[in-house]
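For reference, the chains in residue letters:
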Amino acid sequence: MPVYLTAEALQKLKADLYYARTVERKRIAREIAEARAHGDLSENAEYDAAKEAQGRLEARIAQMEATLSNARMLNENQVDATKAYILSTVRVRNLKTGAEQSFKLVSAPEADLTRGLISITSPIGRGLLGLGVGEEAVIRVPAGEVRMQVLEITRDGS
């Protein structure tokens, strides 16, 4: 399944993968070697912790490699600004509370709710995809249902 990324996110992913493969792997190998030097591995908590860290790192590397192999770079200038699609910034109103929020729709690896970046695979992201200004959606979220109306759709540079 393709993972759509901006050029910036693709470069960050490549840099993170390079760092994990080079710097992090070497650091953990040193920790394992130091722990081994302490003797009996059956009762060596440092060794166990280092091996666990190695397993987590290798899983993270595998995940980044899989994401990179499925990555497709997006050109923000080719995104239709009249509908909510990936890379659109969508300003919405919660029809129950009247509260307004803005979200930028991004791929899952780029999502960061603290920065207003929501994944197109999240409930709200899926619910907003394809909508135009003035359209409403009923979106099922963990807390129940939310009715939202699209107030504005923009993209960087427009």
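Residues numbered from 1 in each chain as written. Predicted model: local features only at pLDDT ≥ 70, side-chain atom pairs only at ≥ 80, totals over all residues. Heavy atoms only, no water.

## Digging into the overall build of the protein
And then number 1: Along its length, the protein carries three helices and seven strands.
And then number 2: Element order for the protein, N to C, with α for helix and β for strand: β-α-α-β-β-β-β-α-β-β.
And then number 3: A compact globule built from 158 residues should have a C-alpha radius of gyration of about 15 Å, whereas the protein, at 21 Å, is more than 25% larger.
And then number 4: By its C-alpha atoms, the protein is 70 × 35 × 25 Å across when sized along the principal axes.
And then number 5: Looking at the 158 residues of the protein, the share that counts as buried comes to 35%.
And then number 6: Within the protein, contacts between residues separated by at least 24 positions form 50% of all contacts whose residues are at least 6 apart in sequence.
And then number 7: When the accessible area of the protein is evaluated, it comes to approximately 9800 Å², of which 52% is carbon and sulfur surface. (Helix = DSSP H or I, 4+ residues; strand = E, 2+ residues; numbered from the N terminus. Rg over C-alpha atoms; globule rule 2.2 N^0.38 Å. Buried < 20%, exposed > 50% of the residue type's maximum accessible area, 1.4 Å probe, protein only. Contact = heavy atoms within 4.5 Å. Areas by Shrake-Rupley, 256 points an atom, 1.4 Å probe, with all protein chains shown as cover.)

## Here we look at the confidence of the model for the protein
Should the pLDDT be low somewhere, the predicted coordinates at that spot are not to be read in detail.
And then number 1: Per-residue pLDDT for the protein has a mean of 88; in total, 94% of the residues score no lower than 70.
And then number 2: Here strand 1 (residues 3–5) stands out as the element of the protein with the lowest mean pLDDT, 77, in contrast to strand 3 (residues 89–94), whose mean of 95 is the highest. (pLDDT = per-residue confidence, 0-100.)

## Side note on the pattern of salt bridges
And then number 1: The tally for this structure, following the rule as stated, stands at 13 salt bridges.
And then number 2: For the salt bridge of Arg27 with Glu31, the shortest nitrogen-to-oxygen distance reads 2.7 Å. On the criterion of helical spacing, the pair formed by Arg27 and Glu31 is a turn pair, its members being four residues apart in helix 1 (residues 7–36).
And then number 3: Here Asp112 makes a salt bridge to Arg115, at a shortest N to O gap of 3.8 Å.
And then number 4: What emerges from the salt-bridge pattern is a single network uniting Arg91, Arg93, Glu100 and Glu152. (Salt bridge = Lys/Arg side-chain N within 4 Å of Asp/Glu carboxyl O.)

## A closer look at the nonpolar core
And then number 1: Ranked by internal contacts, the top residues of the largest apolar core, which has 19 residues, are Val90, Val92, Leu128 and Val150.
And then number 2: Those elements that place two or more of their residues in this core are strand 3, strand 4 (100–106), strand 6 (136–141) and strand 7 (144–154).
And then number 3: Per-element accounting of this core gives the leading share, four residues, to strand 7.
And then number 4: Among all residues touching Leu128, those that are not within four sequence positions of it are Ala84, Val90, Val92, Phe103, Ile139 and Val150. (Core = buried A, V, L, I, M, F, W, Y, C linked by side-chain atoms within 4.5 Å.)

## Comments concerning the side chain of Thr67
And then number 1: Looking at the element boundaries, Thr67 is found in helix 2 (residues 45–69).
And then number 2: Those residues in contact with Thr67 that lie beyond four places of it in its chain are Val3, Leu13 and Pro109.

## Some points on the environment of Leu151
And then number 1: With respect to the secondary-structure elements, Leu151 resides in strand 7.
And then number 2: Looking at Leu151, the relative accessible area reads 18%, which means it is buried.
And then number 3: For the pair Leu151 and Ser88, spaced 63 residues apart in sequence, the C-alpha to C-alpha distance is 13 Å.
And then number 4: Excluding anything up to four places from it in sequence, Leu151 contacts Arg91, Val92, Arg93, Glu100 and Val133.

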